[in-house]
Amino acid sequence: MDFAPSSLARELHERLTAFMDRYLLPYNAAWHAAVAAGDYPPPFLDDLKALALEEGLWNLFLPTLREDEPGTRLCNLDYAPLAEAMGRLPWAAEVFNCQAPDTGNIELLHRFATPAQRARWLQPLLQGQTRSAFAMSEPDVASSDPTNLQTTVRREGDALVLSGRKWFITGAAHPRCRLLIVLCRNADADGASSHARHSMVLVPADAPGVSIVRNISVLHHHAPEGHCEILLQGVRVPADHLLGDWGAGFAMAQARLGPGRVHHCMRTIGQCELALRLATERALERTAFGKPLAEQANVQEWLAESRIEIDQARLLVLHAAWLLDQGDAADARQVRAQVAAIKLVAARLQQRVVDRAMQIFGAMGLSPDTPLAAFWTWGRALRLMDGPDEVHLRTVARHELARARAGLGDSGAWFTTPEQMRAPPHLST
Ligand SMILES: Cc1cc2nc3c(=O)[nH]c(=O)nc-3n(C[C@H](O)[C@H](O)[C@H](O)COP(=O)(O)OP(=O)(O)OC[C@H]3O[C@@H](n4cnc5c(N)ncnc54)[C@H](O)[C@@H]3O)c2cc1C
């Protein structure tokens, strides 16, 4: 197992960070001012995107891109440090066409779309001309269990008709959002197994019957691209807007999550690195009770704990990326458990590291004068988006139990007798 990035990935990392320092950081204040003024996306974004495309810093995330599709074809392990670098500026990923939820949606379309669907939806997304959203969660059911979903799709002649309500749909308020990938329950699902009752439908964002009810703020933070509540009232689309097979929606939703989680986690780690750096500099500069904060033992402990936890989390995420890159050679259940583990670890990490940094900063840490408050808010949201912590713990625990269960009663079991339990092998003589 080798986590060293390839020479191409190292070169791209160098160019990406130089690009961010040279072109993005100087625009950061303007970006926030434009968004605050309701001018979203800011007018300079397209110029920055064009420049990134020209410099080959584009679609850095998808290993399976075809020859005629723009991008770098980096494996997950090689892409991970680039996602970490982008994470430091929350709006940076879009400049390189690496933003969620489009990355996951692109991946989904790449794997399951028909040639006609690819031409209509995938190509503009790969070119960065449009945005998209993934609509699964619903206000009326516990959406951490997707088998609960109630938004229905029924087949009527050569049309699909959708009805229901979705919420917290990220990206749906973006002025260029053209596509909603909607996970629905099949109207004829009765009798099918709980994992074969759902389908995915490609819905044009401007289809009659689609309405954005509101853009929901998250901990009072208003995201310009939106986390939207969406009403689908008898939305009628041609039957060829079905993505994949009828009833395969649940399996496709699972497939969508792996690499996207690595991306999220690495961006989180980028934010944690920045929070730690800011906290460290502040601790060196700020003096209280006659000495710099950096000389207080508790501050040193916070900084050390943050460093250790960030490095632990990074290794875990890189391992997950490496596992994903092994494809069919990896144990699918292990990959699933590992991907669940990193999502949990990264979200908790962000809250702890950023919380310590805010404490070191004092009141300023809660103000808009540092990125810490926004990072903390995002960390809290991460503990729910893409599934709550408890569901990820359940996945990890089930994998662990399945492994132990598989060994029970045969020679693979570690403890076969009470005697062994009392005297573990490494202690016996
Ligand atoms: C900022 C943000 C962006 C989001 N973006 C999107 C998006 O783009 N598209 C989309 O479809 N959804 C999105 N979501 C929704 C998110 O995926 C859901 O909130 C999440 O899956 C949990 O579903 P729920 O809110 O219905 O909670 P529920 O399912 O009602 O769960 C509530 C609580 O029950 C507990 N719980 C649930 N299951 C278990 C279990 N097995 N064991 C123990 N405890 C359990 C947990 O504590 C959980 O927090 C977003 C959410 C946020 C906050």
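So, here's what we can say about the structure. (Residues numbered from 1 in each chain as written. Predicted model: local features only at pLDDT ≥ 70, side-chain atom pairs only at ≥ 80, totals over all residues. Heavy atoms only, no water.)

1. Things to note about the packing of helix 10 (residues 332–361) against helix 12 (residues 389–407)
Following both chains from N to C, one finds helix 10 and helix 12 inclined at 145°, their axes separated by 8 Å at the closest point. Here the hand of the crossing between helix 10 and helix 12 comes out left-handed. Of helix 12, the residues touching helix 10 (which contributes R333, Q334, R336, A337, A340, A341, K343, L344 and R348) are D389, H392, L393, T395, V396 and H399. The class makeup of the residues in the contact of helix 10 with helix 12 is 6 nonpolar, 4 polar and 5 charged. (Axes fitted to C-alpha atoms, helices over the stretch in contact; angles between N-to-C directions. Helix = DSSP H or I, 4+ residues; strand = E, 2+ residues; numbered from the N terminus. Left-handed = near helix turned anticlockwise from the far one by under 90°. Contact = heavy atoms within 4.5 Å. Nonpolar A, V, L, I, M, F, W, Y, C, P; charged D, E, K, R; others polar.)

2. Re the pairing of strand 2 (residues 152–156)
Direction of pairing for strand 2 relative to strand 3 (residues 159–170): antiparallel, over a ladder of 5 bridges. Opposite V153, over in strand 3, you have L162 as the bridge partner. Linking two consecutive strands that pair antiparallel, namely strand 2 and strand 3, is a turn of 2 residues; a positive phi of about 60° is found at G157 within it. Here 2 bridges tie strand 2 to strand 4 (residues 177–186), and the two strands are oriented parallel to one another. Its bridge partner being in strand 4, T152 is matched across the sheet by R185. (Pairing = 2+ DSSP bridges.)

3. Quick word on helix 4 (residues 76–87)
Over its 12 residues, helix 4 extends 16 Å from the first C-alpha to the last, a length consistent with the 16 Å expected when each residue adds 1.5 Å. Burial of helix 4 is extensive: 11 of the 12 residues sit out of reach of the surface. (Expected span 1.5 Å × (residues − 1). Buried < 20%, exposed > 50% of the residue type's maximum accessible area, 1.4 Å probe, protein only.)

4. A word on the pattern of salt bridges
Considering all chains together, one arrives at 26 salt bridges under this definition. With a closest N to O distance of 2.8 Å, E138 and K166 form a salt bridge. With E138 in the loop between strand 1 (131–135) and strand 2 and K166 in strand 3, this residue pair connects regions lying 28 residues apart in the sequence. Exposure remark for K166: the relative accessible area of 0% places this residue in the buried category. (Salt bridge = Lys/Arg side-chain N within 4 Å of Asp/Glu carboxyl O.)

5. Some details on the site of the ligand
In the vicinity of the ligand, 22 residues are found, and the nearest of them are M136, S137, S144, F168 and T170. With respect to the ligand, the backbone of F134 contributes an N or O atom lying 2.8 Å from a nitrogen atom. In the environment of the ligand, an oxygen atom lies 2.5 Å from a nitrogen or oxygen atom belonging to the side chain of S144. Burial of the ligand by the protein amounts to 70% of the accessible area it has alone, namely 970 Å². Counting residues per element, the ones that place at least two in the shell around the ligand are strand 1, strand 3 and helix 12. Of the residues in the shell around the ligand, the class split is 13 nonpolar, 6 polar and 3 charged. (Near = heavy atom within 4 Å. Polar contact = N/O pair within 3.5 Å; in protein donor to acceptor, adjacent residues only side chain to side chain. Areas by Shrake-Rupley, 256 points an atom, 1.4 Å probe, with all protein chains shown as cover.)

6. What about the packing of aromatic side chains?
Under the definition given, this model contains 8 aromatic pairs. Ring plane angle 70° and centroid distance 6.4 Å describe the contact between F44 and W91, whose orientation is recorded as edge-to-face. Of the two residues, F44 sits in the loop between helix 2 (28–36) and helix 3 (45–54) while W91 sits in the loop between helix 4 and helix 5 (92–95), which places them 47 residues apart along the sequence. What makes F44 buried here is its relative accessible area of 13%. A residue is classified by how much of its surface remains accessible, and W91, at 4% relative accessible area, is buried. Following the ring pairs from residue to residue traces out a cluster consisting of Y27, W31, Y40, F44 and W91. Lying over the aromatic face of W246, R155 brings its terminal NZ or CZ to 3.9 Å of the ring centre. (Phe/Tyr/Trp six-rings, centres within 6.5 Å; stacked < 30°, edge-to-face > 60°. Lys NZ or Arg CZ within 6 Å of the ring centre and 35° of its normal.)

Nothing here speaks to function; it is all geometry.
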